[in-house]
Each structure stands twice: as structure tokens, then as C-alpha cells.
Amino acid sequence: MVVTVPSVPLPETLLGRLSRDPSRAERITHVEHVPARVGRRADWPAWVPQLLVDRLQHAGVPAPWEHQAAAADLARGGSSVVIATGTASGKSLAYLLPVLASQLEDERATALYLSPTKALAADQLRAVRALNLTAVRAATYDGDTAREEREWVRRHASLVLTNPDMLHRGVLPRHGDWASFLRGLRFVIVDECHSYRGVFGSHVAQVLRRLRRVCTRYGASPVFLLASATVSSPEESAGRLTGLTVTPVTDDASPRGSTEFALWEPPLMPALHGSAGGGEHGAPVRRSATAETGDLLADLVVEGARTIAFVRSRRGAEAVALNARRAILEAAPELGSRVAAYRAGYLPEERRELERRLQSGDLLGIAATNALELGVDVAGLDAVVLTGWPGTVASVWQQAGRAGRAGQGALAVFVARDDPLDTYLVHHPEALFGRPVETTVLDPGNPYVLGPHLCMAAAELPLTEDDLSLFGDEDAVRLLLGDLVRRGLLRSRPKGWFWTSRERPEVDIRGAGGPPVRLVETGTGRLLGTVDASSAHGQAHTGAVYLHQGETYVVDALDLAEAVALVRLDDPDYSTSARDITDIRIVGTQASTSYDGVTLCLGTVDVTNQVVSFLRKRVGTGEILGEEPLDLPVRQLRTRAVWYTVSERVLGLAGLESSDVPGAAHAAEHAAIGLLPLFATCDRWDIGGVSTALHEDTGECTVFVYDGHPGGAGFAERGYARGASWLYATRQAIAACECAAGCPSCVQSPKCGNGNEPLDKAGAVRLLDAVLAAGLGSGLDRAVAG
């Protein structure tokens, strides 16, 4: 349900008012003018029951937009479809039309709705119930659903709204209890499908394949309707997610107001020589993006602009709201109470009160975590501030689209964090405005993902030969089944493969590589959550600062044997980042492209990694407060990597002496890790890297970037496919930074186990220039790289 905020006339020079001070004006690196768009209506499809048309018109929908009618017609005709249009384009109506129509026509028809957040499912439930269609029995089924309600949902609900986790753990293993519902299943809705990426997306893809298999057992073959932000080749991503042929609908016919989109770079602050302040090795640090956002939010509220500021962390959202409120109290005390934070963990009544205040115009400014991007539909805002890269270009536009949604002009501001990717974006606007949105990356065939789901599938129903193609390449699936049989997990019989245990398999779909580490509060024994086994050393080590639902905890102890981290509630004035050392060996090369003295490769590697220490950084400034050693075991990881080798001749052409090569390669590696998320839908913490002046497996200078998950997550493949554009962007990000010798905005890494030594910023630029000149740059996609 959309919460529309009343618009007020805004000054035509809103952005100009924000930058009256010349020192602030210098922070604006680019302003993009996104033009308005006129909406295009369509007639109601003839198959939509008149009762549904009447109820929708009464709810304020006179007629569908053209893309809504097109998607609904495709689904009605039996084609699975992905709707990939902009924020507030009405994707929910597109998938609800065929679903609600089918249930008004046939009382046995059912539908399943999957969303990544409970809040989004709750909003959809309210929207459906508001139509007052007695034939549609809609209900949520998630971890918050009371036990006595679950039986009613299984037996009587016709539209069940849940999430992939509950489908995986609560529905498929007990499919017999859902027999009536599954027998009538006509449609499966996958909302915000672009959020299913990486390892989690690969797990969800296998959960959906298991769902399709169980549906076949009950004689159902549901049509899939997927809703996505604007992404490149949405039908390919949706096809990988579902295993089906999916038809895309991408021509957005909804109206849109014009938007001014500004890129904003906080200023460098000089290092505090002779003190503990500043960055590592005396490097300058930028004023924090959260501090800049707090100022911008305050200024926009004073100007009367209804504004959302998106912030990456819950603590950051609270800090932005607090800083903005303090600034407003100095400039306009009467407005101080009209700013609030909005994040996960609030009670439903608190959330509704914030929505009510937004709707009434009482609340002018809100600082929200990125979860609000998926959590509640707020429309009609005047301005949006994005605090750093939210993870994907799709998310940038998803968040920016919150402004101007009532048809009026709007302002969006992207504030760069002290990070190579953010630095690149504010100096290369074409990377945001002049290229297609990226493709969602996932790899359902990863054996570390597929193997556990084959066990789950066999426990649900014995696997047969006919099932193999459903899960991926038949030969690969057959090999994996043989391995599972050898390990005693499955039993092979003439009629198929059977699960051998009375206990159900345990599969964590939000991770891979071992059981998750539980976060337990010291004193109360309360389970706060879990961390992937692959991430625990870096995120839940002793002394780590951990954020959970807006509260800050410090890890007192990490017990790897018991897979538990003991944490206590605290409020330190610092954050932590782990540092590790890594060695890498090449197991096999899957693909390679050779140029004149440079070779780009993709393959399987064995990574040996050890977290050795962690840094404490002051919140707000990023200044290094200290480094603490850690005693954690070495970990082994077999995964996928992309790497390039550079011959001695090319190094000579770059003007690099042998003593220069380690620092140049190291700096190029750090920056490459920071820039890969622009081309693969990953976070820099999902990947790692190694560089060496002479690697024993290649005999040459080599720079590796690898997936941080067992078996890989598809990120290395994207790096290999976009190698030229990726390395060109890396070169440009380093060169664009105005620091003298390297800083966190270009070549310093927060997790470098070598203490960011040696690093040669200028040498990295020369190295990358030589690599691109050797022929790798001949494949450069100029529309992307600039």
C-alpha cells in the first residue's frame, strides 16, 4: 500500500540553496537532470471480473498502465513473466490482477507470494484485504504467525504471503500438510526478485526448483510472476532464479516527475600529524558521509522539503537523525520534532505512527536504513539523500525513485563514502546515468549450494532421473549425487535416490560453508541472530562491534567449536574491521584470454586465509584508534577467482622497477576489489584478493580477486566477462582521487592484513595503463567505462 505524502511547492533553486556556501558547492561533482514522463493508460483486460474492476476503481485506480495490462495478460495466458519497471510504477497491480481474478472465478485456486521482508508482505496483505473480496482468503505465514493460526492458513488460505526462508523450512518439508493448497496453486509471485543475488540468491533459486518439483507431485504447474527493479536482461536473471523461460515487461508506462540528481563528495580532512588521528600511515580521510547526510537532511527540512535519507546501518540512521535534529534546533527550533529515524526493530504501532506522520505532513525528515527500500512504500516525497553506494545501480534508482512520485519535481543526492567505488561514481557519472543497470548475479549450480538442496529434495520426495534436469546440468547433478551417495547422505536405488536419515537435512539458505555461528547475548542467553560460518572470523571475532536491529553489541568471545559468539550490549564510539592475510593456489583454469604480455583468467583456486587482527575506527571520522591482534585458525576455501598476469616486459613498459611492483600490484588489487561491485551485484566484503610480484603458479606478477564463498557465487565470472571495463574503472578511480599517496577513497583497504603496506598509488595507475594498453583495453565497453 502506497503512503502518499502531500506535496508543498518547493523553491526552484533547492539544490542551489543547499550549496550557497562555495565550499559546499565544490562538493557537487555532477548534476543529472532526469526528465518527467507522461503516463499511458490501457483498458481493463476483458477477463478481469467487473467486481474486481469496481473495487480497484473505488481504491483510486481508474485503469491500469500499459505495462500492468501487458504483464497481467501474459500471466493470464500461462506465461511466466518478470515486470522490471521503476519505483512506484505499480508492479503489484500487474501481478495481483491475474491472481485475484483466478480466485474470484475458482474457489479452489490458490497463490503464493514471496517477499524478502516481512514488512513488505504485511503491506501487500493490507492492500489485498482493503479490496474486501470475500473470495480471497489472504494470510501471512512466517515466523511471527501464531501456532494456532498456522493450521487455518494451511487448510483455508487462498493467498499465502511468506518468504523464501519459511518456504524452505516450513512448507516444503511438510508438503503433505499443504496438499490442498499446492493442488490448487495457479500462481507464484516473487516480489523484489532483484534482491536475490549471490549465495543467498543461489539458495533461493534451488528452493524455487524444489517448489516446482513438489507442485508437480500434486498435479500443479504454477505460473511465476516476478517483480524487479530496473535491471539489465531481467528475463535472464528471472530464468536463472526459477529455472523457467520468463517473458520480460520493461516498458514503464507510469508517470514520473522530473528529478535533479546530484553527486556529492565530502571534502578530504587533513591528517592529524603527531597524534593518533587521521588515516593509516598519515593518509587523509574524508568527512564522513553520515555527517554530510545529517547536514543535508537538516537543510532540506528547514527548506520545507519532505525528505528520506537512506543510510547503510541502523546505527548510522539513528546518528543521522540525531545530528539533523541538533542542527535544526539551532536554525529552526520549531521543526526539531519533525525529524525521526526509521529502521528495522520498531514495533508495528511505532511504524504505523511514523507512516501516519508522513502522510499528514507532520514529519518532514526521516533517516532510514536501506531496508526501507523494500520495507514500506512511501510516495510523494520531495527529496532523497543516499548515503553511499547501496549495493547495486538498481538500488540507487529504487531509492531515488522515492522522491517525486506524486508527479512533482524532486531532488536526489548521492553522498560518497570514503571508498574507491563511491569515489569512482562521483567522478564518472556515466557509470550511473549512462549505462544499463547491472544483471543480478547468482549461481544455482554451485555444488556447495546444490548438494544440500538435493538432500532436502530427496527428503521431501525421492529423487528420480526425471528430476535431474530441473536442478541444473544433468551430468553435473549426477556427479554430485554420486558424491552424496559415497558420503552416505543419499542411498541409490533403481527407483531413484533416497535420503538416509530420519532427521531432516539442515540447510542455511543465507550462507554456505558450515553451520552458522549463533550470536548469543551474555547474561540473558537470548539468541540475537546468526553469522555465516564464512563471515564469522571477520564479523564475530572477539572484540568485534556488531549491529543488530539498531542496537550495538561487542563480542566478548567467539567459540568456533560450539559455533557461538557471546555478545554484550554496549555503545562504543568506534567501529571495527578485521584484517587478514591470504595465500592462493590455482587449482584449474576454466577460461583465459591472452593479450600482448597480459593474460586474463577465470578458474578454481584454493585460498588459505587467516584473520590476524582488527582495527578500531572512530565513528564519524574514520580515524584509526588502534589495532588489536587476534589468534584465529587458518581457514581453507576452494572457490572461483578471476586473475590477470603481467609479463616483465609489460612491467618495464609501465616504468616499474622490480622494487616498485609489489606496491603497485597491491594498490591495484585493493582498488579492483572496491570496484567489482559496480559490475557484479556483490559487496566488497563478499570478495577478497591477493597480489604478488611473482606467483609460483604463473611465474609472473599476478593479481587475483576471488569469491569469498565456497564454490563461488558468480562474482568472479562477472569480473572476467567485464574485465576491460572493470580494470579501466579501477584505473580511473585511483587517478581521480586527489590524495597524494593513497587513502581509503582509492587504494587503502580496511581489511588488509599487511597494514596497507606496501602501496604505490602512482605505480598502480602506471600498471593498469600498461595492462589496458597491452590489449585488454581493446574490448572496453565505452558506454560503461567512460
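Quick look at unusual backbone geometry
And then number 1: Residue Pro758 is bonded to the preceding Glu757 through a cis peptide linkage, with omega at -15 degrees.
And then number 2: Structurally, Pro758 can be placed in the loop between helix H25 (723–736) and helix H26 (761–773).
And then number 3: The phi dihedral of Glu192 falls on the positive side, at around 50 degrees, and the residue is not glycine.
And then number 4: Along the chain, the position of Glu192 falls in the loop between strand E7 (185–190) and helix H10 (198–217).

Section: the pattern of salt bridges
And then number 1: Tallying each qualifying case throughout the model produces 36 salt bridges.
And then number 2: With its nearest N and O atoms 2.8 Å apart, the salt bridge here joins Glu292 to Arg27. Within this pair, whereas Glu292 is found in helix H12 (residues 289–302), its partner Arg27 is found in the loop between helix H2 (22–25) and strand E2 (28–34), the two being separated by 265 residues in sequence.
And then number 3: Here Glu292 falls in the buried class, since its relative accessible area comes to 2%.
And then number 4: Here Arg27 falls in the buried class, since its relative accessible area comes to 15%.
And then number 5: Note that Glu105 is salt-bridged to Arg76, the shortest N-O span being 3.1 Å. Taken as a pair, Glu105 in helix H5 (residues 91–105) and Arg76 in helix H4 (residues 66–76) lie far apart in primary sequence, 29 residues in all.
And then number 6: Glu105 sits in the partly exposed class, given a relative accessible area of 46%.
And then number 7: On the basis of relative accessible area, Arg76 is assigned to the partly exposed category, the value being 33%.

Considering the side chain of Asn609
And then number 1: Within the secondary structure, Asn609 is located in strand E27 (residues 598–618).
And then number 2: Looking at Asn609, its side chain comes within polar contact range of the side chain of Asp580, at 3.1 Å.
And then number 3: At a separation of 3.0 Å, a polar atom in the side chain of Asn609 contacts the side chain of Thr582.
And then number 4: Residues contacting Asn609, with those up to four places away along its chain left out, are Asp580, Ile581, Thr582, Pro633, Val634, Arg635 and Tyr706.

Focus on helix H8 (residues 164–171)
And then number 1: In terms of residue burial, H8 counts as a mostly covered element, since six of its eight residues are buried.
And then number 2: Pro164, Met166, Leu167, His168, Gly170 and Val171 are the residues of H8 that are buried.
And then number 3: Taken together, the buried residues of H8 touch strand E4 (110–114), helix H7 (147–156), strand E6 (159–162), H10 and helix H19 (447–460).

As for empty space enclosed by the protein
And then number 1: In this structure the tally under the stated criterion is three cavities of 30 Å³ or more.
And then number 2: A volume near 60 Å³ is recorded for the largest cavity.
And then number 3: Lining the largest cavity are Val82, Cys193, His194, Tyr196, Ser228, Val231, Pro234, Ser237, Ala238, Leu241, Thr440 and Leu442.
And then number 4: The dominant element in the lining of the largest cavity, judged by the number of residues it contributes, is helix H11 (residues 234–242), at four residues.

Comments concerning the packing of H19 against helix H20 (residues 474–486)
And then number 1: At their nearest, the axes of H19 and H20 sit 10 Å apart, and the two run at 65 degrees to each other. The orientation of H19 with respect to H20, classified from their angle, is roughly perpendicular. Relative to H20, H19 is oriented so that their crossing is right-handed. In this structure, H19 contributes Pro447, Leu450, Gly451, Leu454 and Cys455 to the contact, and H20 contributes Val477, Leu480, Leu481 and Leu484.
And then number 2: Counted by class, the contact of H19 with H20 contains eight nonpolar, one polar and no charged residues.

A word on the nonpolar core
And then number 1: Formed by 86 residues in total, the largest nonpolar core has its most connected members in Leu425, Tyr644, Leu678 and Trp726.
And then number 2: With nine residues, helix H23 (residues 661–675) is the largest single contributor of residues to this core.
And then number 3: By size, the runner-up hydrophobic cluster in this structure holds 41 residues, among which are Phe200, Val207, Cys215 and Val246.

Points about H25
And then number 1: The end-to-end C-alpha separation of H25 is 20 Å, in line with the 20 Å expected for 14 residues at 1.5 Å each.
And then number 2: Burial analysis of H25 places 12 of its 14 residues in the buried class, which makes it a mostly covered element.
And then number 3: Those residues of H25 that sit buried are Gly723, Ala724, Ser725, Trp726, Leu727, Tyr728, Ala729, Thr730, Arg731, Gln732, Ala733 and Ile734.

Some points on the packing of aromatic side chains
And then number 1: The full count for this structure, using the stated rule, is eight aromatic pairs.
And then number 2: Ring centres 5.2 Å apart and planes at 75 degrees place the aromatic pair Phe261 and Phe433 in the edge-to-face group. With Phe261 in strand E10 (residues 259–264) and Phe433 in helix H18 (residues 430–433), this residue pair connects regions lying 172 residues apart in the sequence.
And then number 3: For the pair Trp643 and Phe704, a centre-to-centre distance of 5.5 Å together with 40 degrees between the ring planes defines the contact as tilted. Placement of Trp643 in strand E29 (residues 635–646) and of Phe704 in strand E31 (residues 701–707) is noted, with a sequence separation of 61 residues between them.

Some remarks on the pairing of strand E21 (residues 517–521)
A regular strand places its side chains so that they alternate between the two faces of the sheet.
And then number 1: Burial within E21 is extensive, with four of its five residues counted as buried.
And then number 2: Pairing geometry for E21 and strand E22 (residues 527–531), over four bridges, is antiparallel. When the bridges of E22 are listed, Val520 appears paired with Leu527.
And then number 3: Here E21 hands over to E22 after five residues, with Gly523 in that stretch at a positive phi of 95 degrees.

Quick notes on the confidence of the model for the protein chain
And then number 1: Per-residue confidence for the protein chain gives a mean pLDDT of 88; residues scoring 70 or more make up 91%.
And then number 2: Counting contacts from residues 272–277, a segment whose pLDDT is below 50, to residues more than four positions away or on other chains yields six contacts.
And then number 3: In the predicted structure, residues 781–786 sits below a pLDDT of 50 and forms 20 contacts with residues beyond four places in sequence or in another chain.

Here's the deal with the sheet that holds strand E5 (residues 138–140)
And then number 1: Reading across the sheet, the seven strands line up as E5-E6-E4-E7-E8-E3-E9 and stay open at both edges, with parallel pairing between neighbours. Across the chains shown, the open sheet's two edge strands, defined by having one partner strand only, are E5 and strand E9 (247–249). Strand after strand, the sheet turns through a mean of 15 degrees between neighbouring axes, direction not considered.
And then number 2: In this sheet, strand E8 (residues 223–228) lies alongside E7 in parallel orientation, the contact comprising four bridges. When the sheet's bridge partners are listed, Phe187 is paired in E8 with Val223.
And then number 3: Contacts from H5 reach strand E3 (81–84), E4, E6, E7 and E8 within the one sheet, and its direction differs from that of E8 by about 160 degrees.

How each quantity is defined
- Residues numbered from 1 in each chain as written.
- Predicted model: local features only at pLDDT ≥ 70, side-chain atom pairs only at ≥ 80, totals over all residues.
- Heavy atoms only, no water.
- Helix = DSSP H or I, 4+ residues; strand = E, 2+ residues; numbered from the N terminus.
- Salt bridge = Lys/Arg side-chain N within 4 Å of Asp/Glu carboxyl O.
- Buried < 20%, exposed > 50% of the residue type's maximum accessible area, 1.4 Å probe, protein only.
- Polar contact = N/O pair within 3.5 Å; in protein donor to acceptor, adjacent residues only side chain to side chain.
- Contact = heavy atoms within 4.5 Å.
- 1 Å grid on protein atoms, 1.4 Å probe; cavity = no way out; pocket = protein on both sides within 12 Å on 5 of 7 lines; lining within 4 Å.
- Points joined across faces, edges and corners; volume = space filled by probe spheres on them.
- Axes fitted to C-alpha atoms, helices over the stretch in contact; angles between N-to-C directions.
- Parallel < 35°, antiparallel > 145°, perpendicular 65-115°, else oblique.
- Left-handed = near helix turned anticlockwise from the far one by under 90°.
- Nonpolar A, V, L, I, M, F, W, Y, C, P; charged D, E, K, R; others polar.
- Core = buried A, V, L, I, M, F, W, Y, C linked by side-chain atoms within 4.5 Å.
- Expected span 1.5 Å × (residues − 1).
- Phe/Tyr/Trp six-rings, centres within 6.5 Å; stacked < 30°, edge-to-face > 60°.
- Pairing = 2+ DSSP bridges.
- pLDDT = per-residue confidence, 0-100.

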